[in-house]
Every structure is written in structure tokens, then in C-alpha cells.
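Reading the structure
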Amino acid sequence: MRSTRREFMRLSSAAVACSGLVLPGIPSAVWAQGTNGLQPAASAADRVLVLVELKGGNDGLNTVVPYADPAYAALRPTLALPPADLLRLDASLGLHPSLAPLIPLWEKHELALLLGLGYPQPNLSHFRSIEIWDTASAAREYLDEGWVARAFDAGLRGRGRFTAEGVAVGTAGLGALSGARAVSLTSAEAFVNESRLARPAAVQGNAALAHVLKVEAGVLQAADGLRNPGAPALRTEFPAHGFGQAVRACCTIVAGQAGRGGVPVFHLTHGSFDTHRGQLPTHAALLKQLAEGLAALREGLVEAGAWDRTLVLTYSEFGRRARQNQSGGTDHGTAAPHFAMGGAVRGGVIGRMPDLQRLDTNQNLVHTADFRQVYATIAQRWWGVDPQVVLNGRFDALPFITA
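Note that this is a predicted model, so its numbers are computed, not measured.

**What to know about the overall build of the protein**
Within the protein one finds eleven helices and 13 strands. The 403 residues of the protein split such that 54% are buried. The long-range fraction of contacts in the protein, counting pairs at least 24 apart against all pairs at least 6 apart in sequence, stands at 74%. With the model as given, the accessible surface of the protein reaches about 16500 Å², and the carbon-plus-sulfur share is 51%.

**As for the pairing of strand 11 (residues 336-342)**
Of all seven residues making up strand 11, seven are buried, and the element is well covered by its neighbours. Of the two faces of strand 11, the one lined by Ala336, His338, Ala340 and Gly342 and the one lined by Pro337, Phe339 and Met341 are each fully buried. Taken together, the five bridges between strand 6 (residues 111-118) and strand 11 define a ladder with antiparallel strand orientation. The partner of Leu113 across the bridge, within strand 11, is Phe339. Sheet analysis places strand 10 (residues 310-315) next to strand 11, joined by three bridges and oriented antiparallel. Bridged to Leu313 within strand 11 is Ala340.

**Things to note about the sheet that holds strand 3 (residues 64-65)**
Read across the open sheet, the three strands follow the order 3-5-4; overall the sheet is antiparallel. Looking along the sheet, the strands with just one partner apiece sit at the ends: strand 3 and strand 4 (87-88). As defined by bridge partners, strand 3 adjoins strand 5 (residues 94-95) across two bridges and the pair is classed as antiparallel. Note that in strand 5 the partner of Val64 across the bridge is Leu95.

**Quick notes on unusual backbone geometry**
In this model, His109 sits at a positive phi of 60°, which is unusual for a non-glycine residue. Structurally, His109 is set in the loop between helix 3 (103-107) and strand 6. Backbone geometry at Ala136 places phi at a positive 55°, although glycine is not the residue there. Examined against the element boundaries, Ala136 turns out to sit in the loop between helix 4 (126-135) and helix 5 (147-153). Judged by relative accessible area, Ala136 falls into the buried class, the value being 1%.

**Examining the environment of Asp370**
Looking at the secondary structure, you find Asp370 in strand 13 (residues 369-370). Sequence-wise, Asp370 and Ala335 are 35 residues apart; in three dimensions their C-alpha atoms are separated by 9.2 Å. Side-chain polar atoms of Asp370 contact the side chain of Arg372, separated by 2.8 Å.

**A few points about helix 10 (residues 371-383)**
For helix 10, which comprises 13 residues, the first-to-last C-alpha distance of 18 Å matches the rise-based estimate of 18 Å (1.5 Å per residue) to within 8%. Where burial is concerned, most of helix 10 is hidden: eleven out of the 13 residues are buried. For helix 10, the set of buried residues is Phe371, Arg372, Gln373, Val374, Tyr375, Ala376, Thr377, Ile378, Ala379, Trp382 and Trp383. Gly384 lies just past helix 10 and shows a positive phi near 75°.

**Quick word on the packing of helix 8 (residues 242-256) against helix 9 (residues 279-303)**
Taken N-terminus to C-terminus, the directions of helix 8 and helix 9 make an angle of 15°; their axes are 9 Å apart at the nearest point. With respect to helix 9, the element helix 8 is oriented roughly parallel. Along this stretch, helix 8 crosses helix 9, giving a crossing that reads as right-handed. Facing Phe243, Val247, Cys250, Cys251 and Val254 of helix 8, the residues of helix 9 in contact are Gln289, Leu290, Gly293, Leu294, Ala296, Leu297, Gly300 and Leu301. Considered class by class, the residues forming the contact of helix 8 with helix 9 number ten nonpolar, three polar and no charged.

**Structural notes on the packing of aromatic side chains**
Tallying each qualifying case throughout the model produces seven aromatic pairs. Ring geometry for Tyr119 versus Phe371: centroids 5.8 Å apart, planes at 75°, classification edge-to-face. In this pair, Tyr119 is assigned in the loop between strand 6 and helix 4 and Phe371 in helix 10, connecting sequence segments 252 residues apart. Of the two residues, Tyr119 and Phe371, both sit in the buried class. Each ring, one from Trp147 and one from Trp383, has its centre 6.1 Å from the other, and the planes form 35°; the classification is tilted. Highlighted residues: Trp147 in helix 5 and Trp383 in helix 10, separated in sequence by 236 residues.

Cut-offs and rules
Residues numbered from 1 in each chain as written. Predicted model: local features only at pLDDT ≥ 70, side-chain atom pairs only at ≥ 80, totals over all residues. Heavy atoms only, no water. Helix = DSSP H or I, 4+ residues; strand = E, 2+ residues; numbered from the N terminus. Buried < 20%, exposed > 50% of the residue type's maximum accessible area, 1.4 Å probe, protein only. Contact = heavy atoms within 4.5 Å. Areas by Shrake-Rupley, 256 points an atom, 1.4 Å probe, with all protein chains shown as cover. Pairing = 2+ DSSP bridges. Polar contact = N/O pair within 3.5 Å; in protein donor to acceptor, adjacent residues only side chain to side chain. Expected span 1.5 Å × (residues − 1). Axes fitted to C-alpha atoms, helices over the stretch in contact; angles between N-to-C directions. Parallel < 35°, antiparallel > 145°, perpendicular 65-115°, else oblique. Left-handed = near helix turned anticlockwise from the far one by under 90°. Nonpolar A, V, L, I, M, F, W, Y, C, P; charged D, E, K, R; others polar. Phe/Tyr/Trp six-rings, centres within 6.5 Å; stacked < 30°, edge-to-face > 60°.

Just distances and angles here, no functional claims.
Following this line, the structure appears as C-alpha cells:
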């Protein structure tokens, strides 16, 4: 008997009644087996990728600001940030002042600005565009699995025995982990505590229920991997807001698995950045929380001894329109910059900003780099798997990873 995905989710929900735990895509208790001919660096199995989704479409132009371009102020009579308020990085670019907690990473060359990320024929629907980013599909291509799941299929699964292939912290779903052997949880403590509700049991004559019980067994194994009573509590102070607590859960899991195998991919969310009206105060507050959380993420992972083997990447379904609207906000747009950070990141500016005087026919920014180039870089240089297999095509890598 083969259950449909909808039936599987229904049965799983009935069998595992845990408010802090969601279980899509866990086919068995065996998390990782096998080998692959590709040979990455020896430490590839221990590396951690943290994906930070900026839900709703972050306004890239007021995040990494081209303050020296007169078109910026012309397009945004009331939304343009004054040059004197910016955290100037060079003679043309500055960061939003709310991002001040990231300046130490910039000075340590652990922060890279990936400029102008987008894709051809951009879609301005929240649902469809984030699906494109999560699955690394073309605009008119529909794929079932996230790009991270395909990386595991391409050979990452054979790098070691992982507790789980990924953990999504929050209620936004698995994102790029869809199709991987991943779990979704509201917090590390909730996952460990509520997983005790899942108890293996013998069953005969009911293949669908037997399949759910296998899922439960996988949950128990994952909980055992995350529960490490001997691990010291982190001294890092994490922000009290939602994103700060998601960061805390991520750091707690990484620290608790030192020397035990672990979780190679995390998916965190922050937002909503859908700033159609009254953008200035909302955007400033969201970026402040983002920067505080990312700074705490670094501090917590440094304390856990994992920062040098961690790569953090922000992404969003799209940027915002170059020209402000009549409500003091910005509408759905296209290309935007994103951050890569970590101990193995080559810090600095990567790529170029879109030309503010050469907008597309819909008056949106024209991307200068395909977001799949970022994923190709991670597949090849971070994990040592074939990026063409992961992305169903060839995309040139970008120089933001040192090893």
C-alpha cells in the first residue's frame, strides 16, 4: 500500500499529536547511509548550513543602499535613507543603520554581500516565487523537492550518519528541505519533550499505520540525537524576539551534538517583510531583529566551536519595486542582495548592483546574478557534490566561500 502525501500527513498528524513537531519527509529510522564517488574536503560531513528566509519579500534597496546613485533618491522621495545615517561600506554602498550588529562581521571579513540576486522571468506571487527559490526551479518549471533534498540525493547523504538531514525551526514549513529527511519544530525543547509522545508499537495487517510507526521511530532517534544532557548550557544571550529564539534553538542543537554527528542544514524564518505601506519603521524594526539574531547566531556558534564550519545564507522570495508607492511603502519587486556569513566566508562585495536607470518593462530591477549560482557554490565548494545534478543545469559559482 502506498499512501499519497496528503494521506501520509493526515495519518502522521493523527499518530503523533505534537504541537511542536511536524513530520513530513521522514521515510524511515535510518537517516543516512551509503557512499558517493565525489570526494569533498574531509570536514564536509561536519559542516552546517543555516538558511534564513526573509518572508514576504525584503526591500533590498533599503538594506544594501546605493546611496551614491542619484537615481536612488529620485525613485524614493520619502523612503530613501539619508547617506549620513547609513553604515557606509565604501564610496557607493551602505547598510541600513539597523544592521549595526553586523558590522563586526564585516570588519572580520566574515560577511559577504551577494548583490542583484534574482532569476529570468521573475514571478511576483509570494507563493510561487518562494517555491522557485526553495526548489531552484526555472520560472516555468515545477519541481517537487527542495534543492537541499536534491543535494542529499546527489551524494551528501553518503558523507556521514546524520541525526536528521535538516531541521526547520518555526511554523513556516520545510522550505528548501522539502523532500529531505527533515523535521520541523517550534523549539528544541518542544521537540525533545513532545517526541516522547511518539511510541513504537507492533502492528499487523495495516501497512499505512506501519509506515507511520516507522516515522515515529525516526522521531525518537532524532530526539535522542538532540537530547545531550552532558552538553553545557550556552552562555550566549539570545534576543527575546521570535527570530532570536529560533537562533537559540539552532545553536542549542548544534552545541548539543558536538562529537555525536548532527544536523547539517537548518531553516529559520523571519518576517513578514511585505511592506506595502508605512515601510520605514516596520523595515527598520525587522532589520534590527535580523541583525541582532544573526550576531547572536555567530556568538552562539563560536561558543559551540562550530562557527568555522558554518555557512549562513539569507534569502527571500523577491525584493521590492525600485520606485516607492503612494502609501509610503514598496510593492512586490524582483532582484535583491542577500547576506552570506560564516568563518569560511570570503567577506566583501560579490557582484554588482542592478542599474537603477535600466529597469525592466514592469519598472522592476533587472537581476545581475542568478540565485542558483549561490546554490551551485554551496553544492560544489561547501558540500563537494555535483551542482549540475542538484540544479538540473550549469550555473557559475560565486567567490564567497574560502574552502
